[in-house]
Amino acid sequence: MSYAFPDAGGHFGPYGGMFVPETLMAALTELADEYARAKADPVFQAELDGLLRDYVGRPTPLYFAEGWTQKLGGARIYLKREDLLHTGAHKINNALGQILLAKRLGKTRIIAETGAGQHGVATATVAARFGMECVIYMGAVDMERQYLNVVRMRLLGAEVRPVHAGQATLKEAVNEAMRDWVTNVQGTHYILGSALGSHPFPMIVRDFHRVIGVEARRQILDREGRLPDVLVACVGGGSNSIGLFHPFLEDPSVRMVGVEAGGHGILPGEHAARFQGGRLGVLQGTKTWLLANDDGQIELTHSVSAGLDYAAIGPEHAWLHDQGRVVYRYATDAEALQGFRELSAVEGIIPALESSHALAEVRKLAPGMAKDEIIIVNLSGRGDKDVAQAAKFLLGEDS
Amino acid sequence: MNRIDATFDSLRAIGKRAFVAYVSGGDPDQDRSLEILRALDQAGADVIELGVPFSDPLADGIVNQLAAQRALEAGATLPRMLDLVRRFRAESEKALVLFTYLNPVYTYGFERFHADAAAAGADGVLLLDLPPDEIPRNAELEERPSLRHIRLIAPTTPKERIPLLAGASEGFVYYVSRAGVTGAQTTLAEGIAENVAEIRRHTQVPVAVGFGISTPEQAAEVARAADGVVVGSAIVNIIAENAGAADVAERVLSFVKPLVDAVKSV
Ligand SMILES: Cc1ncc(COP(=O)(O)O)c(C=O)c1O
């Protein structure tokens, strides 16, 4: 099997593409062309690799979670520690790669959307590092529930613009960032934060996160002398998951599970699990699975984790879903919070609420697997940002 | 003959320009939206663009976003907008274009939309987020001849791309005069005449110019360079300011009349 997606127009089978207003077509084409040149340029790769090592902190460890493995009583569980990266989540792999592209394109102003605030922080960080003006769009609801990250972005010199439209979360922040980009496209680069949106973003974002899977593959071969049986990652737009999965796609023995946000359960407006109760459609530049009503209006979503609270899934995931190559499940808010608490207590690692959805799936999977089987779960971020949010739920439950 | 083609043909024959009016369908509600369409007709608009509200209008400025929101809250759906077209068509032969984003149409079914919109009396469609490049790549997006397909050309469109867009345009080409979202502006963008001339080198289809035009002076200036002048947000603004008023349609009429006159004076 040889996996070569997307095609030149950004299509993953029937998904993906460039469904954008004409004003943006030139900028997207320019970005795709410049990316192709950068990818082939050893100087670009060397600069990226050097910064990933010295500034961002790569490679991240692949940690054998011995205590958690014993507790669950089944498969051997490894955590890919993206939580240990500078700024605390995988998002910076992409933010760094894209700002280097922006520099090549001669852009001086950076914009981004953010949900959990992790991508906003990563973008504000690299913008500070490269001396670029930075504006971050964030839903007003997310600003409240991820307030720590709002403060971090401001300290880093970014302007955080609240978005009040609609349900004031990630989707509306993307709309507002796109509007800014349409207006200021000449000097501005939009660092999209997930494997979403119009071509070439899903491809570029994936490629900058592939390092996760490339490292994990080498590390597990070193450590165990064989490939893992199962990979697990949470799926918001789909960047940390595609980064882990992609380098294993041609290893048929490796099963993969993407975990969406089940929120309060699979009822309209109560979750963000696009493969449960979703449909085919076009949103924010791409054709993919999304949550919409019978009139094609985008539905409300809910998740305890701001980073997964989004109505559409990255187009490559839609394709991998159809191929049966990746299986998509979901974890509810309550299950994610159990994972959050368990990893904190057993391993001394406080995970992001997003990553906790993947942990919830591991809790279901591992006990039924043989003791010599191996799971790698992507710990996409650390949970400092979520402590206040979690306290609201967990302490309420404890008292 | 398609009403859009007939309209531009007859205007051309007498050396006049078209006034194209945009409003969000179902804003502030279904019945008053019909009254507003009548007012646009009465004011002398040549083509009406009827926005089908979408929850995530990312190419629109705040005025049109809020209009779509008002309409959705008042119960607007794509089928109800087709119903509005049907009611308007029962009393007028004015050329009418549906202006929206792809997802509502996609969900309704592309082929079914073409059949039902034409049967209701629509003459054309403009989908803001469907570039013609995607059509051959997506079998379900095959366009049907029952509607004219209007394309956008932007100031950021590279010269090499203009032939593709102009060549794929039916009814008229919509030249977006400024990089940005919809919304009234106090000054006109630069280079409109040059860009319209460049587009005309590649197509016989008339060229209308829009985005940011709000005053009779601006409308007249654009009319000197193009075959049609589109005014949207400025009209929608009047609707927003009078959304609670019983006479919102009359106010639209008195706002639009001088704009039409300005275009016709050229
Ligand atoms: C720590 C963390 N993990 C996961 C996600 C979800 O995004 P994606 O699916 O693109 O990895 C986010 C998004 O904000 C995040 O902050």
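In the block above lies the structure referred to throughout.
Heads up: these notes are all about the structure in this document. Keep in mind the model is a prediction, meaning the values are calculated, not measured.

Cut-offs used in this document
Residues numbered from 1 in each chain as written. Chains lettered and ligands numbered in written order. Predicted model: local features only at pLDDT ≥ 70, side-chain atom pairs only at ≥ 80, totals over all residues. Heavy atoms only, no water. Helix = DSSP H or I, 4+ residues; strand = E, 2+ residues; numbered from the N terminus. Rg over C-alpha atoms; globule rule 2.2 N^0.38 Å. Buried < 20%, exposed > 50% of the residue type's maximum accessible area, 1.4 Å probe, protein only. Contact = heavy atoms within 4.5 Å. Areas by Shrake-Rupley, 256 points an atom, 1.4 Å probe, with all protein chains shown as cover. Patch = residues over 30% accessible without salt bridge, like charges linked within 9 Å, V, L, I, M, F, W, Y side chains within 5 Å. Salt bridge = Lys/Arg side-chain N within 4 Å of Asp/Glu carboxyl O. Near = heavy atom within 4 Å. Polar contact = N/O pair within 3.5 Å; in protein donor to acceptor, adjacent residues only side chain to side chain. 1 Å grid on protein atoms, 1.4 Å probe; cavity = no way out; pocket = protein on both sides within 12 Å on 5 of 7 lines; lining within 4 Å. Sits in = over half its atoms within 2 Å of the grid points. Nonpolar A, V, L, I, M, F, W, Y, C, P; charged D, E, K, R; others polar. Core = buried A, V, L, I, M, F, W, Y, C linked by side-chain atoms within 4.5 Å. Expected span 1.5 Å × (residues − 1). Bend = angle between axes of the 7 residues up to and from the residue. Phe/Tyr/Trp six-rings, centres within 6.5 Å; stacked < 30°, edge-to-face > 60°. Lys NZ or Arg CZ within 6 Å of the ring centre and 35° of its normal.

**Description of the overall build of chain A**
Move 1: Within chain A, the secondary structure is distributed over 14 helices and 14 strands.
Move 2: Its C-alpha radius of gyration of 19 Å places chain A within 12% of the 21 Å reference for a compact globule of 399 residues.
Move 3: Counting only C-alpha atoms, chain A reaches 55 × 45 × 40 Å along its principal axes.
Move 4: Burial statistics for chain A: of 399 residues in total, 66% are counted as buried.
Move 5: For chain A, restricting intrachain contacts to residue pairs at least 6 apart in sequence, the fraction spanning at least 24 positions comes to 75%.
Move 6: Summed over its atoms, the accessible surface of chain A is roughly 13000 Å², and 53% of this surface lies on carbon and sulfur atoms.

**Thoughts on a nonpolar patch on the surface**
Move 1: Together, Tyr147(A), Val151(A) and Leu155(A) give the surface a local cluster of nonpolar side chains, amounting to about 330 Å² of exposed area.
Move 2: Relative to the assigned elements, Leu155(A) resides in helix 7 (residues 147–155).

**Overview of the site of the ligand**
All names here are of chain A.
Move 1: Near the ligand, the surroundings consist of 19 residues, among which Ser194, Gly236, Ser239, Asn240 and Ser380 are the closest.
Move 2: His90 has a polar side-chain atom sitting 3.1 Å from an oxygen atom of the ligand.
Move 3: Contact with the protein chains covers 98% of the free accessible surface of the ligand, which is 390 Å².
Move 4: When atoms are counted within 2 Å of each cavity's grid points, the one that captures over half of the ligand is the largest cavity.
Move 5: Here the shell around the ligand is built from residues that sort into 6 nonpolar, 11 polar and 2 charged.

**Describing the nonpolar core**
Move 1: Core analysis: the largest hydrophobic core is formed by 94 residues, its most contacted members being Trp181(A), Phe172(B) and Tyr174(B).
Move 2: Among the nonpolar cores identified, the runner-up in size contains 71 residues, and Leu102(B), Leu147(B), Ala234(B) and Val248(B) belong to it.

**Quick notes on helix 11 (residues 248–264) of chain B**
All names here are of chain B.
Move 1: The end-to-end C-alpha distance of helix 11 is 24 Å, a good match for the 24 Å that 17 residues give at a rise of 1.5 Å each.
Move 2: Within helix 11, the axis deviates most sharply at Val256, by approximately 25°, and proline Pro258 lies no more than four positions further along.
Move 3: Along helix 11, the residues that are buried comprise Val248, Ala249, Val252, Val256, Leu259, Val260, Ala262 and Val263.
Move 4: Contact partners of the buried residues in helix 11: strand 1 (18–24), helix 2 (30–43), helix 9 (216–223), strand 9 (228–231) and helix 10 (233–241).

**Side note on the packing of aromatic side chains**
Between two aromatic rings, the relevant description is the distance of the centres plus the angle of the planes.
Move 1: For the structure shown, the criterion picks out 14 aromatic pairs over all chains.
Move 2: Residues Phe275(A) and Trp289(A) carry aromatic rings whose centres are separated by 5.6 Å and whose planes lie at 55° to one another, so their mutual orientation is tilted. On the criterion of sequence distance, the pair formed by Phe275(A) in the loop between strand 10 (255–263) and strand 11 (279–283) and Trp289(A) in strand 12 (residues 285–290) is long-range, its members being 14 residues apart.
Move 3: Judged by relative accessible area, which is 11%, Phe275(A) ranks as buried.
Move 4: Consider the rings of Phe99(B) and Tyr174(B), whose centres lie 6.5 Å apart with planes at 45°: the pair is tilted. With Phe99(B) in strand 3 (residues 95–100) and Tyr174(B) in strand 7 (residues 173–176), this pair connects stretches of sequence that are 75 residues apart. Each member of the pair, Phe99(B) together with Tyr174(B), is buried.
Move 5: Its end group placed over the ring of Phe130(A), Arg129(A) keeps NZ or CZ at 4.8 Å from the ring centre.
Move 6: For the cation-ring pair, Arg112(B) lies above Tyr108(B), with the distance from its terminal atom to the ring centre recorded as 3.8 Å.

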